[in-house]
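Next come the chains, spelled out residue by residue.
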Amino acid sequence: MSETARLSEETQKANKADFWFDPICPFAWVTSRWIGEVEKVRGIQVDWHVMSLSVLNENKEDLSDFYKSLMQRGWAPVRVVIAAQQLHGEAVVKPLYDALGKRIHNEGVSDYLEAIKGALAEVGLPAELIDYAEKDDYDEQLRASHEAGISQVGQEVGTPVVSFNGTAFFGPVLTRIPRGEEAGRIWDAAVTLGEFPYFFELKRTRTESPQFD
């Protein structure tokens, strides 16, 4: 291998993110938009994976009635995304997530079935995929995708889970979307922290809800 080819291969390896998301999570949505900004300024490769807050919380008893209802409704979007992935390939995952997230978060569509219908139409996927919202046909694959992400960070966290060049963390949890070079600098910092094997967490109390503009 030539020196140029070797350096090119090392650069590609050093700019890789794996992103686990649940379409209903507003924090995952903000972080995913940040990753999109990073792609523009750092040329990273991103692979997108489904995880599920409904799976994560299904055996927890100390949830409020509101959150229990949310978790029950939350099965629909992840089941449809997984079904689309299984039936139409990996390439549909990100566009379908983008279309779902836009409706749920930016447009405030609280009826997830309505959001799914619109997202499927936007992406050009068969409308019949919505039938999987209430089916468990691909729950095994959903749970496997979820476990692939959560097993790297522990059960006591949520979405998003992001792997930076092979080192995964919960987060970063952002309430606003960094743009341009600011997004790149945050990526650089996350990669630097991930390279130190004994770094585990930074945390402070959130003082605002996510904003999507």
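Rules behind the numbers
- Along each chain, residue indices are assigned from 1 in the same order as the chain's sequence is written.
- At least 70 in pLDDT is required for a residue's local features to be given in this predicted model, at least 80 for side-chain atom pairs to be given and counted, and no such filter applies to totals for whole chains, interfaces and linings, which use all residues.
- Here the side-chain values reflect all heavy atoms present in the structure, with hydrogen atoms and water set aside.
- The definition of a nonpolar core used throughout is a set of buried Ala, Val, Leu, Ile, Met, Phe, Trp, Tyr and Cys residues joined through side-chain atoms within 4.5 Å.
- Three exposure classes are used, based on accessible area relative to the maximum for each residue type with a 1.4 Å probe and protein chains only: buried under 20%, partly exposed in between, and exposed over 50%.
- Numbering goes from the N terminus for both helices and strands, where a helix is a DSSP run of H or I of at least four residues and a strand is a run of E of at least two.
- By definition, residues are in contact when any of their heavy atoms lie within 4.5 Å.
- By definition, a salt bridge exists where a carboxyl oxygen of Asp or Glu is found within 4 Å of a side-chain nitrogen of Lys or Arg.

The protein chain has the name DSBA oxidoreductase in an unreviewed UniProt entry, where Psychromicrobium lacuslunae is given as its organism.

**Q** When you look at the nonpolar core in this model, what are you seeing that I'm missing?
**A** Soluble globular proteins: nonpolar side chains tend toward being buried together. Among the nonpolar cores identified, the biggest contains 66 residues, and Phe21, Ile35 and Trp187 are the most heavily contacted of them. With 8 residues, helix α5 (residues 75–88) is the largest single contributor of residues to this core. Residues within four places of Ile35 in sequence aside, it is in contact with Ala17, Phe19, Ile44, Val46, Trp48 and Trp187.

**Q** Help me out: how do you make sense of the pattern of salt bridges in this one?
**A** Any two side chains of opposite charge can pair if their charged atoms end up close together. One pass over the full model with this rule turns up 13 salt bridges. Across the pair Lys16 and Asp18 runs a salt bridge whose closest N-O atoms are separated by 2.8 Å. You'll find Lys16 and Asp18 in the same group, each marked buried. The salt bridge partner of Asp47 is Lys16, with a shortest N-O separation of 3.0 Å. Taken together, the positions of Asp47 in strand β2 (residues 45–50) and Lys16 in strand β1 (residues 16–21) put the pair 31 residues apart, joining distant regions of the chain. Each member of the salt-bridge network shares a partner with another, and the members are Lys16, Asp18 and Asp47.

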